[in-house]
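Listed below are the residues making up each chain.
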Amino acid sequence: MSDDGVSKGMQRGVGEGVGAEKDRSGSVSLPKIVRRGEQPYVAIGKSVRMDEFPTIADRLPGLIGWVLGQGLELAGAPFFRYRTIDMDAESEVEAGVPLVSAPEPEGEIRVGTLPAGHYATITHLGHPDGLLAVTSGLREWAEHEGLEWDMTVVDGVEHWGCRLETYKTDPRVEPDPANWETELAFRLADLAPGR
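A quick note: this is a predicted structure, and the numbers were derived from the prediction, not measured. (Residues numbered from 1 in each chain as written. Predicted model: local features only at pLDDT ≥ 70, side-chain atom pairs only at ≥ 80, totals over all residues. Heavy atoms only, no water.)

> Got a minute to help me understand the overall build of the protein chain in this structure?
Scanning the protein chain for helices and strands turns up three helices and twelve strands. In the protein chain, which comprises 195 residues, the proportion classed as buried is 41%. Counting only contacts in the protein chain whose residues sit at least 6 apart along the sequence, the fraction spanning at least 24 positions is 73%. Here the protein chain has roughly 10,300 Å² of accessible surface; of this, 49% comes from carbon and sulfur atoms. (Helix = DSSP H or I, 4+ residues; strand = E, 2+ residues; numbered from the N terminus. Buried < 20%, exposed > 50% of the residue type's maximum accessible area, 1.4 Å probe, protein only. Contact = heavy atoms within 4.5 Å. Areas by Shrake-Rupley, 256 points an atom, 1.4 Å probe, with all protein chains shown as cover.)

> Help me out: how do you make sense of the nonpolar core in this one?
As a rule of thumb, soluble globular proteins bury nonpolar side chains together. One finds Val42, Phe80, Leu138 and Trp149 to be the most contacted residues of the largest nonpolar core, which totals 35 residues. Of all the secondary-structure elements, those providing two or more residues to this core are strand 3 (39-49), helix 2 (60-69), strand 4 (79-82), strand 6 (90-98), strand 8 (117-125), helix 3 (131-144) and strand 12 (181-187). Tallying contributions element by element places helix 3 first for this core, with five residues. (Core = buried A, V, L, I, M, F, W, Y, C linked by side-chain atoms within 4.5 Å.)

> I'm lost on the packing of aromatic side chains in this one. Help?
Aromatic ring pairs: the centre-centre distance and the angle between the two ring planes describe each pair. With the rule as written, the count across this model stands at seven aromatic pairs. Pairing Phe80 with Tyr167 gives two aromatic rings, centres 5.6 Å apart and planes at 80 degrees, and the pair type is edge-to-face. With Phe80 in strand 4 and Tyr167 in strand 11 (residues 163-167), this residue pair connects regions lying 87 residues apart in the sequence. Each member of the pair, Phe80 as well as Tyr167, is classed as buried. Put simply, the rings of Phe53, Phe80, Tyr82 and Tyr167 pair up and form one aromatic cluster. Sitting over the ring of Tyr119, Arg36 keeps its end group 5.3 Å from the ring centre. Arg163 extends its terminal NZ or CZ atom over the ring of Tyr82, reaching a point 5.7 Å from the ring centre. (Phe/Tyr/Trp six-rings, centres within 6.5 Å; stacked < 30°, edge-to-face > 60°. Lys NZ or Arg CZ within 6 Å of the ring centre and 35° of its normal.)

> Whenever I open this one, the layout of surface pockets confuses me. Can you help?
Unfilled space is identified by rolling a water-sized probe across the atoms. By volume, the largest pocket amounts to about 1,200 Å³. Elements with a contribution of two residues or more to the lining of the largest pocket: helix 1 (54-57), helix 2, strand 4, helix 3, strand 11 and strand 12. Of the residues forming the lining of the largest pocket, the biggest block, five residues, is contributed by helix 3. Of the residues assigned to the lining of the largest pocket, the class counts are 25 nonpolar, five polar and eight charged. Put simply, the second largest pocket is a space of about 240 Å³. Arg36, Gln39, Pro98, Leu114 and Thr166 are the residues nearest the centre of the second largest pocket, which is lined by 15 residues in total. (1 Å grid on protein atoms, 1.4 Å probe; cavity = no way out; pocket = protein on both sides within 12 Å on 5 of 7 lines; lining within 4 Å. Points joined across faces, edges and corners; volume = space filled by probe spheres on them. Nonpolar A, V, L, I, M, F, W, Y, C, P; charged D, E, K, R; others polar.)

> Looking at this model, I keep getting lost on unusual backbone geometry. Mind explaining?
The general pattern is negative phi for most residues beyond glycine and trans for most peptide bonds. Positive phi, normally seen in glycine, also occurs at Asp155, with a value near 50 degrees. With respect to the helices and strands, Asp155 occurs in the loop between strand 9 (151-154) and strand 10 (157-160).

> Honestly, the pairing of strand 11 in this entry has me stumped. Any pointers?
On a regular strand, one side chain projects to one face of the sheet and the next to the other, so that they alternate. Taken across its five residues, strand 11 has five buried, putting it largely inside the fold. Side chains Arg163, Glu165 and Tyr167 of strand 11 all project onto a buried face; the interleaved residues Leu164 and Thr166 project onto the opposite face, where all are buried too. Both strand 11 and strand 12 contribute to a ladder of five bridges, which runs antiparallel. When the sheet's bridge partners are listed, Tyr167 is paired in strand 12 with Thr182. (Pairing = 2+ DSSP bridges.)

Honestly, it's all geometry; don't read function into it.
Shown next, in the form of structure tokens:
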């Protein structure tokens, strides 16, 4: 697979209702496949119900403060990594930040590596409430393209090799969530040569 034109038919949209146009729920880019290398990161993990998500989201500022206090160099924007997803019960989620180099773990702060591989990505500009529709659109697009996720389902629970939601807008600079840029990046299973 070439990384510049990774999939034929990439210019197709992500499905009905999720296009590049702007509406009250925001706008999205066209999906694409990108190749990523390994990325060290630190995170705080928690098992949460989706209606309790703020209990993990609220940990990001403290984690970033710890990183800066250690003199560590950020390698990108903060993210949530979904290790498991169970919309009817608890999901395993990490609030993390990518780093140039990995430190030693400390207390509840985990050190890990985001795996290399091909990721299907899409960028959403708008309130995070719109991400559920964007996620559905990305999954529909991948199915239409014949792509498979690095994910297994056990007893109705999705176990992901790497599923990321990266928040590229600093809320201290732009406090209005309607103007936030969020990237979804879901790791794909190995792709056939030439795809």
